[in-house]
Amino acid sequence: MKTLFSARQLADFCQASDREIAFVPTMGALHEGHLELLRQAQSSGALTIVSVFVNPLQFNNPEDLDKYPRTLERDSELLTQVGADVLFVPSVGEMYPEAPAPSGVELGGLDTRWEGSFRPGHFEGVLQVLDRLFHMVSPKRVYFGQKDLQQCMVVRKLIEQKFSGIEMVTVPTVRAESGLALSSRNARLSPDGLLRAAEIHRQLKRVSQALAWDLALQDAEESLFNHGIETEYLAVVELPDMLSCPKAQTGHECAVVFAGYLEGVRLIDNLCF
Ligand code: PAF
């Protein structure tokens, strides 16, 4: 595996290869969920590039940015084991040589709901970094995890509006045996917290199977609270716009979406049905 640090090095490397590129953007602290994205990218036979860049623009909370785990050596080992072709690790100066102009992507209100309302500016930060990375990497296909469902909907808009040649692949959430969605943030939970966090998936499943969502959502929030989990939002939404969906409607793709705090760690999850 080659490790490259600048857009210049990356462009030279890609020019020397005539293979299509499959790209997995990450912020590092890699786990099995990221490795699954890489495996899917490899299955297309393309040259695989994984980026590791903790993007300051998408953190609305400076403390969250400080605490974000940085484990580059371990990440590099894991990517070598799975067989990535290139690890791209740009610096902040390389990504943002000057103050960024607005991305100009029309999100139709997606950025004002759920994650967007609790993390103002977050999706614009994601759009900024992906816009730059997609230009630098010129991928044929890009891979994103369904765990960040709203991010997937936002990236879809970026691709539709600015990168119509790129194909987006959404990969199902990888879960621990307990049902807990794998996340880099899980590393900050205590062993007891890890057990209690499994309640999130159990409750999402219950809501997705319920006939009366309002009641199921109330019960779920109470049960999460009893497990020490403070809900930020918990709702059934329609895809792809993620507008709240109060009643069961046949023929619509829906998801139950959650964000909340356990032991001071912000966790998100969802279940599509
Ligand atoms: O999902 C993530 O890890 C990040 O939001 C992404 C897509 C790598 C952009 O920084």
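Each remark here, short or long, concerns the structure printed above.
Everything numeric in this text was worked out from a predicted model, so none of it was measured. (Residues numbered from 1 in each chain as written. Predicted model: local features only at pLDDT ≥ 70, side-chain atom pairs only at ≥ 80, totals over all residues. Heavy atoms only, no water.)

As a further point, take empty space enclosed by the protein. Overall, the coordinates contain two cavities of 30 Å³ or more when judged by the stated rule. What the largest cavity holds in volume is close to 900 Å³. Considering the residues around the largest cavity, the lining is formed by 50 residues, among which His34, Tyr68, Lys147, Asp148 and Gln151 are closest to the centre. Those elements that place two or more of their residues in the lining of the largest cavity are β2 (21-26), α2 (32-43), α7 (122-137), β5 (141-145), α8 (149-162), β9 (254-262) and β10 (265-272). Of the residues forming the lining of the largest cavity, the biggest block, six residues, is contributed by α7. Partitioning the lining of the largest cavity into residue classes produces 25 nonpolar, 17 polar and eight charged. (1 Å grid on protein atoms, 1.4 Å probe; cavity = no way out; pocket = protein on both sides within 12 Å on 5 of 7 lines; lining within 4 Å. Points joined across faces, edges and corners; volume = space filled by probe spheres on them. Helix = DSSP H or I, 4+ residues; strand = E, 2+ residues; numbered from the N terminus. Nonpolar A, V, L, I, M, F, W, Y, C, P; charged D, E, K, R; others polar.)

A few words now on the environment of leucine 37. Here leucine 37 shows up in helix α2. Residues leucine 37 and glycine 121 lie 84 residues apart in sequence; the distance between their C-alpha atoms is 26 Å.

So, about the packing of aromatic side chains. Evaluation of the coordinates by the stated rule reveals seven aromatic pairs. Seen from their ring centres, phenylalanine 59 and tyrosine 68 are 5.5 Å apart, and the 75° between their planes marks the pair as edge-to-face. When its relative accessible area of 10% is taken as the criterion, tyrosine 68 is described as buried. Judged by centre distance (5.8 Å) and plane angle (80°), the rings of tryptophan 213 and phenylalanine 273 are edge-to-face. Residue tryptophan 213 is located in helix α10 (residues 213-226), and its partner phenylalanine 273 is located in the segment after β10; the two are separated by 60 residues in the primary sequence. A residue is classified by how much of its surface remains accessible, and tryptophan 213, at 6% relative accessible area, is buried. (Phe/Tyr/Trp six-rings, centres within 6.5 Å; stacked < 30°, edge-to-face > 60°. Buried < 20%, exposed > 50% of the residue type's maximum accessible area, 1.4 Å probe, protein only.)

The next point concerns the pairing of strand β3 (residues 47-52). Most of β3 is tucked away, with six of its six residues classed as buried. Where β2 and β3 come together, six bridges link them in parallel fashion. Directly across from proline 25, in β3, lies its bridge partner serine 51. Taking the sense of rotation as the criterion, the β-α-β connection linking β2, α2 and β3 turns out right-handed. Bridge count for β3 against strand β4 (residues 86-88) is three bridges, and the pairing is parallel. When the sheet's bridge partners are listed, isoleucine 49 is paired in β4 with valine 86. (Pairing = 2+ DSSP bridges. Right-handed = clockwise from strand over helix to strand, strands pointing away.)

Treat this as a map of the structure, not an account of what it does.
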